[in-house]
Amino acid sequence: MSKKLIVANWKMLPTTLAEAEGVLDLINDYLELLNEKKEFSLVFCPSFVFIEEVGKILKTSHLEHEAELGAQDIAVEDETALTGEVSGAMLQKLGVRYVIIGHSERRWKLGESDQVVNQKLKSAIRNDMVPIVCMGERERDENFSKFLEKQITNTFEGLTSDEISRCIIAYEPVWAISTNPGAHSDTPQSALESISVIKEVFSKIYHLSPKTYLYGGSVNSKNVANFLKEEEINGVLVGGASVNKEEFVKILSLVSKL
Ligand code: PEP
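Conventions we followed
Residues numbered from 1 in each chain as written. Predicted model: local features only at pLDDT ≥ 70, side-chain atom pairs only at ≥ 80, totals over all residues. Heavy atoms only, no water. UniProt positions renumbered as here; feature names shortened; annotations may be inferred. Core = buried A, V, L, I, M, F, W, Y, C linked by side-chain atoms within 4.5 Å. Buried < 20%, exposed > 50% of the residue type's maximum accessible area, 1.4 Å probe, protein only. Contact = heavy atoms within 4.5 Å. Salt bridge = Lys/Arg side-chain N within 4 Å of Asp/Glu carboxyl O. Helix = DSSP H or I, 4+ residues; strand = E, 2+ residues; numbered from the N terminus. Patch = residues over 30% accessible without salt bridge, like charges linked within 9 Å, V, L, I, M, F, W, Y side chains within 5 Å. Areas by Shrake-Rupley, 256 points an atom, 1.4 Å probe, with all protein chains shown as cover. Lys, Arg positive; Asp, Glu negative; His and termini not counted. Charge placed at Lys NZ, Arg CZ, Asp CG, Glu CD. Near = heavy atom within 4 Å. Polar contact = N/O pair within 3.5 Å; in protein donor to acceptor, adjacent residues only side chain to side chain. Nonpolar A, V, L, I, M, F, W, Y, C, P; charged D, E, K, R; others polar.

The name given to the protein chain in an unreviewed UniProt entry is Triosephosphate isomerase. Recorded under Catalytic activity (unreviewed entry), the UniProt text for the protein chain is reproduced unchanged: "D-glyceraldehyde 3-phosphate = dihydroxyacetone phosphate". We quote the UniProt Subunit (unreviewed entry) comment for the protein chain here in full: "Homodimer."

In structure tokens form, the structure reads like this:
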């Protein structure tokens, strides 16, 4: 089985740098224990407040070889007046390699449209970062494939085949994300069905499909192995469980045993 990609989306946690250091310390200790047998690569996406410090920590010790720095968002433009935003150029200077684009919390709670997501995706590509593009339906009903097709068409509008192939897709059904009211858990079967729909849509429109597919939606130590034992699921995007250090190490240890 090829190495799985584990992306930690810390959202607005932890609230202090000391806690963030605590999470990374424990993971570093675990990586030391694992020695040569690492079946995963890691990406940490802290809040902008800690991104520089976390980037420095990721360049040290065992984390250096296994973990990369990611951002949770990026500004639509590089050089303009945009209060509160962080540009791709700024992120690049801090060593950010990956950027989460179109997370459902931004789409649905902050009203980020497919068009804005498309501009952010172009910004990440322009700045030589690997976009982790989130997509997923709000409801699992008979229209879910149509919904995904429209989301893909709008989100990737104007990208070249080469640019599309550089993207990582994170399939995150909105109804399974733990912060959403009424969230309920997904099954590997329905995740695989959606990933296959997404691949078909890419092939139909662009005659190619991105190579890496992550699953996200309340991933934790109880369900991670079920999703990741599927060959077609190349990794996971972990939200809440990634800032709970014991839980996150448990997830890594389960991935090591797949
Ligand atoms: C996420 O942030 O991408 C996510 C899936 O959140 P959670 O794991 O907390 O549901």
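Caption draft 1: Up close: the nonpolar core. With 70 residues, the main nonpolar core has Ile6, Ile27, Leu42, Phe44, Phe156 and Phe248 as its most contacted residues. When residues no more than four places from it in sequence are discounted, the contact partners of Ile27 are Leu42, Phe44, Leu63, Phe248, Val249 and Leu252. Counting 13 residues, the second largest nonpolar core, distinct from the first, contains Cys45, Cys134, Leu214 and Leu237.

Caption draft 2: Looking closely at the pattern of salt bridges. All told, the structure shown has 12 salt bridges when counted by the stated rule. A salt bridge links Arg126 to Asp78, with the nearest nitrogen and oxygen atoms 2.9 Å apart. Taken together, the positions of Arg126 in helix H6 (residues 114-126) and Asp78 in the loop between strand S3 (67-71) and helix H4 (88-93) put the pair 48 residues apart, joining distant regions of the chain. Residue class for Arg126 comes out partly exposed when judged on its relative accessible area of 44%.

Caption draft 3: Representation of a negative patch on the surface. A surface patch of negative charge is lined by Glu21, Asp25, Asp29 and Glu32. Among the secondary structure elements, Asp25 is positioned in helix H1 (residues 17-34).

Caption draft 4: Fine view of the site of the ligand. Lys11, His103, Glu172, Ser178 and Gly240 are the nearest of the 13 residues found near the ligand. Between the ligand and the protein, one listed contact pairs an oxygen atom with a backbone N or O atom of Ser218 at 2.9 Å. Taking 300 Å² as the accessible area of the ligand by itself, protein coverage stands at 99%. A breakdown of the residues in the shell around the ligand according to their chemical character gives three nonpolar, eight polar and two charged.

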